Amino acid sequence: MTEVTLTSSDFPSFHESVRARWAPVLLEPISGSYERLVVAVVVVGANGFHIEQANALDRLRCLYASAADGIFWAVEVAGDHLRDELTRRGEDVATGIVPLFTGFHVGEWREAEGQSLTSIGVGWMRALSSLYRADKAIGEVETDFAGSMSEEISAASLDRLPDLVLDYVSVHQAGLTPYFNQQIRKGQRRRRMGQNFEVMIDFAGSRLVANFGTLRASSLTRSIDNVKHRLWDLKVDRDADKGSIGHRQHEMIVQVPLLSDPQVTKRQGANISEALQALEEQADQEELRFRPMNTVEAIGQHILTTEAA
């Protein structure tokens, strides 16, 4: 996974910061498969360590039903083992940790700087894991990360892109309007009507199933978090769709600013490029199509063309 560097604009101002090393804790739930889940981020500094664990593991019930309980237990025990290793070995932990269970391993160690070890862990869990909810995080959190959204109203509900795409498609092919999520058609904020793991799909046509998201240069971490969750929704829907007649493309369609836009700084452009690569790798692992596009018109035209094929 390519690191997305967070710029100073993504954090509140503070007088002192800490430097640390961090790494994702990865779980391969099916032995030998390419599927991997980020179940924790471990952060190690000069004066201690912090483990930020996945706090929305209940989402796994959609995929594994009652078998998810075994995963919950394994994640908890593996976390305790990692905590013991960190206590015993301190900063030498980067020399290699022997996992307690097959299927768990610690990913590549990277450098980071933040307000605290906790804030670094929370920030990277938000960016990397679909099994994490920032509004349930405990500990010191930067204000941008805390953003405490309710269970019912997510970041996706504040993104106008689905509404704009609906307007474009409806003008050019009104027959496709019913394929958009009912809440989008009614101009409502997208809400998960039941449990927090309920799947949300923006467009479900005869040939294309798609979710929409926007990468904003000024709030990149939050944008990545939203796209990760929408990818998870697509994966669940795709797996449920496999038994149906016919094959529909499942795509995460993301509007990204032009890197030549004068409002996008050179640093922001580099961060966006890294984020796109990381998200595309994540989509490839889940066998989903990640499609970045620059304008609403291009997105709308892609939907029209795909459905007409």
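This report concerns the structure included in the present document. Computed from a predicted model, the values in this text were never measured in an experiment.

### Focus on the nonpolar core
In globular proteins that are soluble, nonpolar side chains generally tend to be buried together.
Then, number 1: Counting 61 residues, the largest nonpolar core has Leu60 and Leu215 as the members making the most contacts within it.
Then, number 2: Sorting the residues of this core by element identifies β1 (18–27), β2 (37–45), α2 (68–89), α3 (117–128), α7 (220–241), β8 (249–255) and α8 (266–285) as the ones contributing at least two each.
Then, number 3: When residues no more than four places from it in sequence are discounted, the contact partners of Leu215 are Leu220, Ser223, Ile224, Val227, Val254, Gln255, Val256, Pro257, Leu276 and Leu279.
Then, number 4: Leu161, Phe180, Ile184 and Ile253 belong to the second-largest nonpolar core, a separate cluster that totals 18 residues.

### What to know about the sheet that holds β8
Then, number 1: Pairing is mixed in the open sheet, where four strands are placed in the order β6-β7-β8-β9. Edge positions in the sheet fall to β6 (203–204) and β9 (289–293), since each of these pairs with one other strand and no more.
Then, number 2: As judged from the five bridges shared by β8 and β9, these two strands associate in the parallel manner. Its bridge partner being in β9, Met252 is matched across the sheet by Phe290.

### Description of unusual backbone geometry
Then, number 1: With a phi close to 60°, Glu287 is a non-glycine residue in the positive phi region.
Then, number 2: Note that Glu287 resides in the loop between α8 and β9.
Then, number 3: Take Glu287: its relative accessible area is 63%, and that puts it in the exposed class.

### Overview of the packing of α3 against α7
Then, number 1: In the contact formed by α3 and α7, the axes pass within 7 Å of each other and the chain directions differ by 45°. The angle between α3 and α7 places the two elements in the oblique class. Here α3 contributes Gly123, Arg126, Ala127 and Leu128 to the contact with α7, which in turn contributes Thr221, Arg222, Ile224, Asp225 and Lys228.
Then, number 2: Looking at the contact of α3 with α7 residue by residue, the class counts come to three nonpolar, two polar and four charged.

### Concerning the pairing of strand β5 (residues 110–114)
Then, number 1: Side chains Arg110, Ala112 and Gly114 of β5 all project onto a buried face; the interleaved residues Glu111 and Glu113 project onto a face where none is buried.
Then, number 2: Judged from the five bridges that link them, β1 and β5 form a sheet pairing that is antiparallel. Directly across from Val18, in β5, lies its bridge partner Gly114.

### With respect to the pattern of salt bridges
Then, number 1: Within the structure shown, the criterion is met by nine salt bridges.
Then, number 2: With a shortest N-O distance of 3.7 Å, Asp239 and Lys235 are connected by a salt bridge. Within this pair, Asp239 and its partner Lys235 are both found in helix α7, separated by four residues, close to a single helical turn.
Then, number 3: Overall, Asp239 belongs to the partly exposed group, its relative accessible area being 27%.
Then, number 4: Since its relative accessible area comes to 7%, Lys235 is described here as buried.
Then, number 5: Connected through salt bridges with shared partners, the residues Glu35, Lys235, Arg238, Asp239 and Glu286 form a single ionic network.

### Brief notes about the pairing of strand β3 (residues 48–53)
Then, number 1: Here six bridges tie β2 to β3, and the two strands are oriented antiparallel to one another. Bridge pairing in β3 places Val41 opposite Glu52.
Then, number 2: The hairpin turn running from β2 into β3, its antiparallel successor, is two residues long.

### Let's talk about the environment of Ala127
Then, number 1: Within the secondary structure, Ala127 is located in helix α3.
Then, number 2: For Ala127, a relative accessible area of 9% gives the class buried.
Then, number 3: Taking the C-alpha atoms as reference, Ala127 lies 9.8 Å from Leu279; in sequence the two are 152 residues apart.
Then, number 4: Setting aside its immediate chain neighbours within four residues, Ala127 contacts Ile224 and Lys228.

### Quick word on helix α9 (residues 296–308)
Then, number 1: Helix length check: α9, at 13 residues, gives a terminal C-alpha distance of 18 Å against a target of 18 Å (1.5 Å per residue), a fit within 8%.
Then, number 2: Taken residue by residue, α9 has Val296, Ile299, Gly300, His302, Ile303, Leu304, Thr306 and Glu307 as its buried positions.
Then, number 3: Contacts made by the buried residues of α9 are with α5 (161–172), β6, β7 (208–214), β8 and β9.

The rules behind these values
- Throughout this document, residue positions are counted from 1 along each chain, in the order its sequence is written.
- Where totals are concerned, whole chains, interfaces and linings use all residues; where local detail is concerned, this predicted model gives features only for residues with pLDDT of at least 70, and gives and counts side-chain atom pairs only at 80 or more.
- Each side-chain value is worked out from all heavy atoms of the structure, with water and hydrogens disregarded.
- Residues belong to a common nonpolar core when they are buried Ala, Val, Leu, Ile, Met, Phe, Trp, Tyr or Cys residues joined through side-chain atoms within 4.5 Å.
- Exposure classes here rest on a 1.4 Å probe applied to the protein chains alone. A residue is buried below 20% of its type maximum, exposed above 50%, and partly exposed in between.
- Segments assigned H or I by DSSP are reported as helices when at least four residues long, segments assigned E as strands when at least two residues long, and all are numbered from the N terminus.
- Any two residues having at least one pair of non-hydrogen atoms within 4.5 Å are treated as being in contact.
- Strand pairing is defined by DSSP finding a minimum of two bridges between the two strands.
- Think of each axis as a best-fit line through the C-alpha atoms, taken over the contacting stretch in the case of a helix, with angles from 0 to 180 degrees between the N-to-C directions.
- The labels follow the angle: roughly parallel below 35 degrees, roughly antiparallel above 145, roughly perpendicular from 65 to 115, and oblique for the rest.
- In this classification, Asp, Glu, Lys and Arg are treated as charged, Ala, Val, Leu, Ile, Met, Phe, Trp, Tyr, Cys and Pro as nonpolar, and every other residue, Gly included, as polar.
- Think of a salt bridge as a Lys or Arg side-chain nitrogen and an Asp or Glu carboxyl oxygen that are within 4 Å of each other.
- The span expected for a helix works out to 1.5 Å for each residue beyond the first.

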